[in-house]
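Next come the chains, spelled out residue by residue.
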Amino acid sequence: MMVRDYTCFIVDDEDLIIQRLELFFSELSHRERRFRLVGKANNGLKGIEEILKLKPDIVISDIVMPRMDGIAMIEQLKPELPHTQYILLTAYSSFEYAQRAIQANVLEYIVKVPLNEADLDRALGKAAGILDEVKKKEEEFQSLNVSVLENKYRVRKQFFNELIRGEIPSHRISHFAGSMQFQFFQANYCCFIVEMNLYESFRNEYSAADQNILKYAITNVIEETVMYYGRGTATELADNRFIGFLSWENNRSEMDTEYACQALGSQLVAHLHQYLNQSVSVAFGGSHRGWESIQQAYQEAHHVSDDFYYHAEKVVKTPAHRFHYRNDRRADFQQKLADFLAWVQRKASKEELEKELADLNQFVTDHKIHKSIMAPMLRDLYRDIAAKFKAGNTLTLDVAEFPMAFMAFREQLAYIGDFTFEYVHAGQLLHRAEIMRALRFIENNLTQRLTLEAIAEDVNLAPSYFSSLFKKTMNEGVISYINRKKIQLALELLNVRDYSLLELCEEVGIVNEGYFCKLFKEYTGDTPKQYRIKMTRYESK
């Protein structure tokens, strides 16, 4: 267990006492470094101002001072700093002061003339013990809270999944509503779906544990954002989707409801990108009331979310802005795919392939065919291309690998294009050239905040295909590789001098200090501070 540091503050109107205490802390630092003096003041009013700013662990104060005495100062500080420990110094043996000190829950009452340093040592040790116990209790409480919260989300996820499938009888719905305090479903509400964009890349880049942590965080951000617009709740639905509900008391016009949904959707997109660097789209259903309408509310939001298939990232959709599908053009598009397959041949250039794919994309832009029809046609094209070039091809490929389930149309088309180019040029190891270029880009920009999209753009590959190709070639996801290289850079820096945590984060291009510490410990087994202490001991040998 690491020894904790305790910050201390002195308040006394006598300069000689302050000097004596400063000397005491200076000498104490040679014996025991855990108590550190961070400030001083010569009266109670100044003491309050500085103590609220510095938030020390321990305050050592005189009682009788001009303008405000020490006990009055402590009484004002207690509500703001309930865990700070207070030690009183006094030259007066007064029952009244002692009684007030007890009422203020002061830790120790020490006579300062003459000042017995052993008494002060003992009082500081006692304060440290209390602070350690408080911290331990807080950590236990926080751990309990997290456990309860995780269990709540797990139960909620199961409940809503069963609910939208119609597997829960009405009496169980009412019981659950009461236990989870979901009375707002009796008011007006609408259902919304939050869908993670580029989900295939997300699955490639993060471990299963990190994926769960991020999804848990996404749920929290969604719920906190909903609170600004009314009452509601949210939970993970499955894979790349989350379900949420927004409720309001008074009747709204369709225009007001549309405005509220657009505003909430825009904030969800912005907050999830800002706080978690995750790109999402949001789809809303229409207005409903009562538990019995939840399935219908979900189905409406689900149908609206089908439009994500033909959108770019970070979109907000409502029932008022649905696409008009032209499923009657299915045969025409099938013929275009057949023509494309007949055209594809070895040695086709990247530019030629992109031109043919742009023609397919333009047709679909003009005549959108529903995802349920389009996606199977693209899967068949992928299989046909693999079958066409299978004979004598040096690349091995499992057709079932086509990760189309969570891709938008443009992602699927770009993935097929990059795959086709690699396949028709099999044997030339062009994919290795793309990966080598990506590794150089990462090396040259390691101190920046790198994203999968930026690297894929530099090597001229679709993000989903690049992510899949990188992992297949390097046996490691892009983000995992980048993080490992950043920690290696941090280790090199720490071997040169003792960087602060903030300095290290800036040097390696990781914004979040907590995330950096988590990565550092994951790769080294130590925190940055522990690692530097070990290095110092090794160097001193």
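Residues numbered from 1 in each chain as written. Predicted model: local features only at pLDDT ≥ 70, side-chain atom pairs only at ≥ 80, totals over all residues. Heavy atoms only, no water.

> What exactly am I supposed to notice about the overall build of the chain here?
Across its full length, the chain holds 21 helices and 10 strands. Relative to its 541 residues, the chain shows a buried fraction of 49%. For the chain, restricting intrachain contacts to residue pairs at least 6 apart in sequence, the fraction spanning at least 24 positions comes to 70%. (Helix = DSSP H or I, 4+ residues; strand = E, 2+ residues; numbered from the N terminus. Buried < 20%, exposed > 50% of the residue type's maximum accessible area, 1.4 Å probe, protein only. Contact = heavy atoms within 4.5 Å.)

> Please clarify how helix α10 (residues 294-305) should be interpreted in this entry.
For an α-helix the count is 3.6 residues per turn, leaving residues at separations of three or four pointing the same way. Here α10 is 12 residues long and its end C-alpha atoms lie 16 Å apart, about the 16 Å a rise of 1.5 Å per residue gives. Taken as a whole, α10 has its buried residues at Ile-294, Ala-297, Tyr-298, Ala-301, Val-304 and Ser-305. Down the axis of α10, the buried side of the element spans an arc of 125 degrees, and every buried residue falls inside it. (Expected span 1.5 Å × (residues − 1). Arc of directions from axis to C-beta.)

> What's the story with the sheet that holds strand β6 (residues 188-196) in this structure? I'm lost.
For sheets, the rule is that strands pair by backbone hydrogen bonds, running either parallel or antiparallel. Across the sheet, 5 strands lie side by side as β7-β8-β6-β9-β10; this open sheet has mixed pairing. Edge strands, defined here as strands with exactly one partner in the open sheet, are β7 (231-238) and β10 (316-317). For β7 and strand β8 (residues 241-248), the ladder comprises 7 bridges, and the chain directions are antiparallel. Looking at the pairing, Ala-234 lines up with Gly-244 of β8. Across the sheet, helix α8 (residues 208-226) lies against β6, β7 and β8, angled at about 160 degrees from β7, the strand it touches most. Across the sheet, helix α9 (residues 254-276) lies against β6, β8, β9 (280-289) and β10, angled at about 150 degrees from β9, the strand it touches most. (Pairing = 2+ DSSP bridges. Axes fitted to C-alpha atoms, helices over the stretch in contact; angles between N-to-C directions.)

> Before we go on, may I ask you to explain the nonpolar core in this structure?
One broad rule of soluble globular proteins: the nonpolar side chains tend to lie buried together. Among the nonpolar cores identified, the biggest contains 69 residues, and Phe-333, Met-374, Phe-466 and Phe-516 are the most heavily contacted of them. Counting residues in each nonpolar core, the second largest holds 27 residues, with Val-226, Val-280, Val-282 and Phe-284 among its members. (Core = buried A, V, L, I, M, F, W, Y, C linked by side-chain atoms within 4.5 Å.)

> Explanation requested: unusual backbone geometry in the structure shown.
Keep in mind that most residues, glycine aside, have a negative phi and that most peptide bonds are trans. Not every positive phi belongs to a glycine, and Arg-67 is a case in point at roughly 75 degrees. Take Arg-67: it is sitting in the loop between β3 (58-62) and α3 (70-77). Despite not being glycine, Asn-460 has its phi angle at roughly 60 degrees, a positive value. Positionally, Asn-460 belongs in the loop between α16 (452-458) and α17 (463-474). With relative accessibility at 44%, the residue Asn-460 sits in the partly exposed group.

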